[in-house]
Amino acid sequence: MGIWDWLPGKKASEAKDVSFSQAFLDYFNMTSVKSGARVDWQTALDVTTVLAAARVIANGVAQVPLRVMRETADGLGSELATDHHLYKVLNRKPNTWQTSFELRETMVLHLVLTGNAYLYINRVRGKIRELILIDPGFVTITRNDDYSLEYTIRGVDGSTQTLPQSLIWHLRGPSWDGYRGLDAVKHAREAIGLAIVTEQTHAEMHRNGVQASGTYATEQKIDPDKFKQIQKWIAAQIGSENRHKPFIIDSGFKWQQQSMTGVDAQHLETRKYQVEMVCQALGVFPQMIGHAGQAMTFASAEQVFLAHVVHTLGPWWRRIEESIDNNLLNGVGDEIYFAKFNANSLMRGATKDRGEYYAKALGSGGSPAFMTPNEIRALEDLNPIKGGEELPKPINIGGVKPATTEPPKT
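Every chain's residues receive numbers from 1 upward, in the order its sequence appears when written. Predicted model: local features are reported for residues with pLDDT of at least 70 only, side-chain atom pairs are reported and counted for 80 or more only, and whole-chain, interface and lining totals are derived from all residues. Side-chain calculation: all heavy atoms of the structure are included, whereas hydrogens and water are not.

Peer 1: An account of the overall build of the chain is requested, with residue identities and associated values reported.
Peer 2: Secondary structure assignment for the chain yields 15 helices and 13 strands. Counting the 410 residues in the chain, one finds 33% classified as buried. Taking as baseline every contact in the chain between residues at least 6 positions apart, the subset at least 24 positions apart corresponds to 62%. Only the protein chains shown count as cover for residues, and all accessible areas are computed by the Shrake-Rupley method using a 1.4 Å probe. As displayed, the chain has an accessible area near 25700 Å², and 53% of this comes from carbon and sulfur atoms. A run of H or I in DSSP becomes a helix once it reaches four residues, and a run of E becomes a strand once it reaches two; helices and strands are each numbered from the N terminus. We call a residue buried when its accessible area falls under 20% of the maximum for its residue type, exposed when it is over 50%, and partly exposed in between, using a 1.4 Å probe and counting protein chains only. Contacts are assigned to residue pairs that have any heavy atoms within 4.5 Å of one another.

And the structure:
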């Protein structure tokens, strides 16, 4: 059996019960927090804020074209390297069952929530033909004395195999030791745990008709049989369709509330605050997941979206680009190639704003042109035109007469 058949997830129909190693159990062990919740990447995804924040990052990375570029011969620019073997793998078809969008989306979800993403590099005659995602929970990293890395991967049949660094593309998030990414869910477990239990408590309150818990008290002595009868009767009166109807009880019973109401517990305020705390931990602006907090104008919303691209997505793009350059574009003759995300589609403003920018780029107003017509057409996904490779000459501002050296007439 080769590595192709052995990789986890390749043949789901052949998966069997696995005797997991202690490292695997430690990885997926749900960690208790002070709030009493148990938090791991899976329970964290049940929190709407975590799901939304992870998704907005994953979508922002997956929807932007990822291409292999080649430095031009003069060293002054770059061009698409469509003839490179990695171009199609990254931009279109990383393997036989995933698109580039799907692979990058899942890869970034692994990165955001666990701090690490692992992909098997399938090389054929020295060229990369496929990239195959591996579940982070199946991987254990070993750093050798010479600082080289080895990856022990558990297969679907329970066996393990150790692969060298050259066969694994390992993307890591922010790291403390330099070779393992920090587990964001683990380090933000208190904020996520509080969000879990607050949501559960709120749900239980609504399941009970937003009725606070308490005690029916009486000075009469009640025997066990009578107690069970009263308890059953009360449950029938406050349940189902009787939940919001008037409740009447005799024999001197009095209601004594023993729990706080939702208003007293400030459930809504706590849940709103936890949204902000989780977003801080994952590096996402709350507005990007639909949590406005306060009213925004169109101008302020535009600035938030721009800040999201620059401060949230930008670092992830850069991290992935440099990882590709270091781990995938490391063959003979690859020195002139590099990976690049094309973020122009996200940076486009309104049609009016783009028109004004392009006009200045072509030299409108007398300023020197710094873009050619074909470069602008490429940004708008238009085909080049004949004669559009040259920088246009500056357009003089109308109404300004050229200077003259002739003396004024007397």
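Peer 1: Describe the pairing of strand 10 (residues 168–172), with residues and values.
Peer 2: Here strand 10 lies mainly inside the structure; four of its five residues are buried. Note: two strands are recorded as paired if DSSP finds a minimum of 2 bridges between them. Where strand 5 (residues 116–124) and strand 10 come together, five bridges link them in antiparallel fashion. Each bridged residue has a counterpart across the sheet, and for Tyr 120 the counterpart in strand 10 is Ile 168.

Peer 1: Could you give an account of helix 4 (residues 48–62), naming the residues involved and the relevant values?
Peer 2: What a helix should span is 1.5 Å times the count of its residues minus one. Taking 1.5 Å of rise per residue, the 15 residues of helix 4 would be expected to cover 21 Å, and the 21 Å separating its terminal C-alpha atoms lies within 8% of that figure. Of all 15 residues making up helix 4, 11 are buried, and the element is well covered by its neighbours. Taken as a whole, helix 4 has its buried residues at Thr 49, Val 50, Ala 52, Ala 53, Ala 54, Val 56, Ile 57, Ala 58, Gly 60, Val 61 and Ala 62.

Peer 1: Now, about the pairing of strand 9 (residues 160–164): what can you tell me, with residues and values included?
Peer 2: Bridge count between strand 8 (residues 149–154) and strand 9: five bridges; the pairing is antiparallel. Across the sheet, Tyr 151 pairs through a bridge with Leu 163, a residue of strand 9. Counting the residues in the hairpin turn of strand 8 and strand 9 gives five residues, including Gly 158, whose phi is positive at 95°.

Peer 1: Give me the packing of aromatic side chains: which residues, what numbers.
Peer 2: Two rings from Phe, Tyr or Trp (for Trp, the six-membered ring) form a pair when their centres are within 6.5 Å of each other. A pair whose planes differ by under 30 degrees is stacked, one over 60 is edge-to-face, and the rest are tilted. Under the criterion given, the structure shown has four aromatic pairs. On the numbers, 6.2 Å between centres and 65° between planes, the contact of Tyr 357 with Phe 370 is edge-to-face. Linking Tyr 357 in helix 14 (residues 351–361) with Phe 370 in the loop between helix 14 and helix 15 (373–379), this pair joins segments that are 13 residues apart in sequence. On the basis of relative accessible area, Tyr 357 is assigned to the partly exposed category, the value being 44%. Cluster of aromatic residues (ring-pair linked, three or more members): Tyr 357, Tyr 358 and Phe 370. Should the NZ of a Lys or the CZ of an Arg lie within 6 Å of a ring centre and within 35 degrees of the ring normal, that charge is described as sitting over the ring. Across the ring face of Trp 316, the terminal group of Arg 319 is positioned such that the distance to the ring centre comes to 5.5 Å.

Peer 1: I'd like a rundown of the pattern of salt bridges, residues and numbers included.
Peer 2: Each reported salt bridge corresponds to a side-chain nitrogen of Lys or Arg within 4 Å of a carboxyl oxygen of Asp or Glu. A full pass over the atoms with the stated rule returns five salt bridges. The salt bridge involving Arg 318 is made with Glu 321; its shortest N-O contact spans 3.8 Å. In this pair, Arg 318 and Glu 321 both sit in helix 12 (residues 298–327), three residues apart, roughly one turn of the helix. Judged by relative accessible area, Glu 321 falls into the buried class, the value being 6%. Of the charged contacts in the structure, one is a salt bridge between Glu 322 and Arg 318, with a shortest N-O distance of 3.0 Å. Of this pair, Glu 322 and Arg 318 are both found in helix 12, four residues apart, which corresponds to roughly one turn of the helix.

Peer 1: Describe unusual backbone geometry, with residues and values.
Peer 2: Phi is positive for Arg 125, which is not a glycine, with a value near 55°. Along the chain, Arg 125 turns up in the loop between strand 5 and strand 6 (127–134). Notably, Tyr 147 is not glycine yet its phi reads approximately 70°, a positive angle. You can see Tyr 147 is positioned in the loop between strand 7 (139–143) and strand 8.

Any link to function would need more than the numbers given here.
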